[in-house]
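Observations on chain architecture
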Amino acid sequence: MDVYPYQVGGHGLLQWDVREPNRLFKPVIQKELAFYLSLHSSITPDQIIPLRQFLPKFYGVFQKSIRALSESTVASTMTQIELTQEAPGNANGDPSENVAEWVEQYSKMRYSSSLSLHPTLKSNSEEGVESSPLFIGLFDVNASWSCPCALDVKVGTRHYDDDATEQKRARHISKASASTTAQFGIRLCGMQTFNAELGTTDRIGKLAQRKLDTEGLPVHLRHFFWNGIELRTDVIREILPMLKELRNVLEAQTLLSFYSSSVLIAYEGSIERTKVLKENGQRIASIWMIDFAHTQPRRHAEDNDDGVAFGLLTLISLLEGLLQASED
C-alpha cells in the first residue's frame, strides 16, 4: 500500500494499491460511512437515487493489515470486512413508501459507535500481523487518465453539521467569511494541473487557495484549465452540463443537507490521450461529489440552508465566463 499520489484536498491521507489501480482507500469517518451505506440501502428513497451517478463507486469497508517481512521491510494489504447486518432497509420494501424509515435508520447509523461492524474488526491473532484502522473502498476517479488533472471545490455556505460545538461553528463561520465561501458558496481546496508544453505537473494546496478573494477566485479557476499552451475549453464544455445536472438533482431532493462536501473536477491532461479518448467516443472529464462526513438528514423538507445549489450556480457562471472570455 502507498499514499495515493493524486490527492488534492481533504484531511486524512488516502491509500492506494498499484495492484488495484481502480480503487483508493479513505480512512473511515463514522458519519461518512453511514452516508455511503444508506445511499446503497434497499429502501433508498427515489429522490436520492439519481445522486448515485455523481458518487465514486463504493466498494465497502476494508481493514489494513501490516506484516513484517524482515527487520527493515513490511508489507501491507487491504482486506474487505463483513458487516454484521445489512445497510438499513428491507430488501422487500418499496423505496417510495419508506422515506421516514430510511431517514430514521440513517440518523441512527450516524451515531452508532460501531456502525454494526464486526466487533473484533478481524483483529488478527496471527503472529507478525498487525491490524490497523478501517478504510472505505472507493473508485479512483483518476484511474482513466494518463495525466490526471484534479480540482477540489468545497461547495456550500455552511460547513458544519448540527452536532458541531459553538466553538467549531464560530471557527467555520469565521473561515467562511475570510474566504470565498460566504460570498460565492465555493472555495477552492487544492488542485493538480498538467503543463502540456513542459510535460510537468503542478500542485496548489488548500491553504494558498483559502486566501483567495473575489479577484483571485476566477484567476485560479482559469489556471486549473490552462495547460501551458491553451485553455482547455473542451473540458469546460464537457463538464458544464454535468454540473447543471448535479445542481438539478440536489435541488430536487428534500431529504439531505450537504455540509462541507466537495465537487471534484477531473480531466485528462495529456493532449495525445485526449485525442484518443475523443476518437473512441469516451469522456475526457468528469465531476464527482465527495466528502460526506457532515451530510445529515434534514429536520424539515424546507431546511435548505447548505448553500450547495448556490455554490454550484456560482461555479457554473464562472466557467461560462471563462468560455465567453476565450471567444472574445
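Here the structure is shown first, and the text comes after it.
This text gives an overview of the structure that appears in the document. (Residues numbered from 1 in each chain as written. Predicted model: local features only at pLDDT ≥ 70, side-chain atom pairs only at ≥ 80, totals over all residues. Heavy atoms only, no water.)

Structural notes on the packing of helix H6 (residues 216-225) against helix H9 (residues 308-327)
- Between H6 and H9, the shortest axis-to-axis distance is 11 Å and the interhelical angle comes to 65°. Looking at the two axes, H6 sits roughly perpendicular to H9. H6 and H9 meet at a crossing whose hand is right-handed. Contact with H6, carried on its side by Leu217, Pro218, Leu221, Arg222 and Phe225, involves Leu315, Leu318, Leu319 and Leu322 of H9 and no other residues of that element.
- Split by residue class, the contact of H6 with H9 holds 8 nonpolar, no polar and 1 charged. (Axes fitted to C-alpha atoms, helices over the stretch in contact; angles between N-to-C directions. Helix = DSSP H or I, 4+ residues; strand = E, 2+ residues; numbered from the N terminus. Parallel < 35°, antiparallel > 145°, perpendicular 65-115°, else oblique. Left-handed = near helix turned anticlockwise from the far one by under 90°. Contact = heavy atoms within 4.5 Å. Nonpolar A, V, L, I, M, F, W, Y, C, P; charged D, E, K, R; others polar.)

So, the pattern of salt bridges
- What the rule picks out here adds up to 13 salt bridges.
- Notably, a salt bridge pairs Lys31 with Asp163, separated by 2.5 Å at the nearest N-O pair. One end of the pair, Lys31, is in helix H1 (residues 30-39); the other, Asp163, is in the loop between strand E7 (148-155) and helix H3 (166-178), with 132 residues separating them in the sequence.
- With relative accessibility at 18%, the residue Lys31 sits in the buried group.
- What makes Asp163 partly exposed here is its relative accessible area of 35%.
- Its salt-bridge partner being Arg110, residue Asp163 comes within 3.9 Å of it at the nearest N-O pair. Of the two residues, Asp163 is situated in the loop between E7 and H3 and Arg110 in helix H2 (residues 99-111); the sequence distance between them amounts to 53 residues. (Salt bridge = Lys/Arg side-chain N within 4 Å of Asp/Glu carboxyl O. Buried < 20%, exposed > 50% of the residue type's maximum accessible area, 1.4 Å probe, protein only.)

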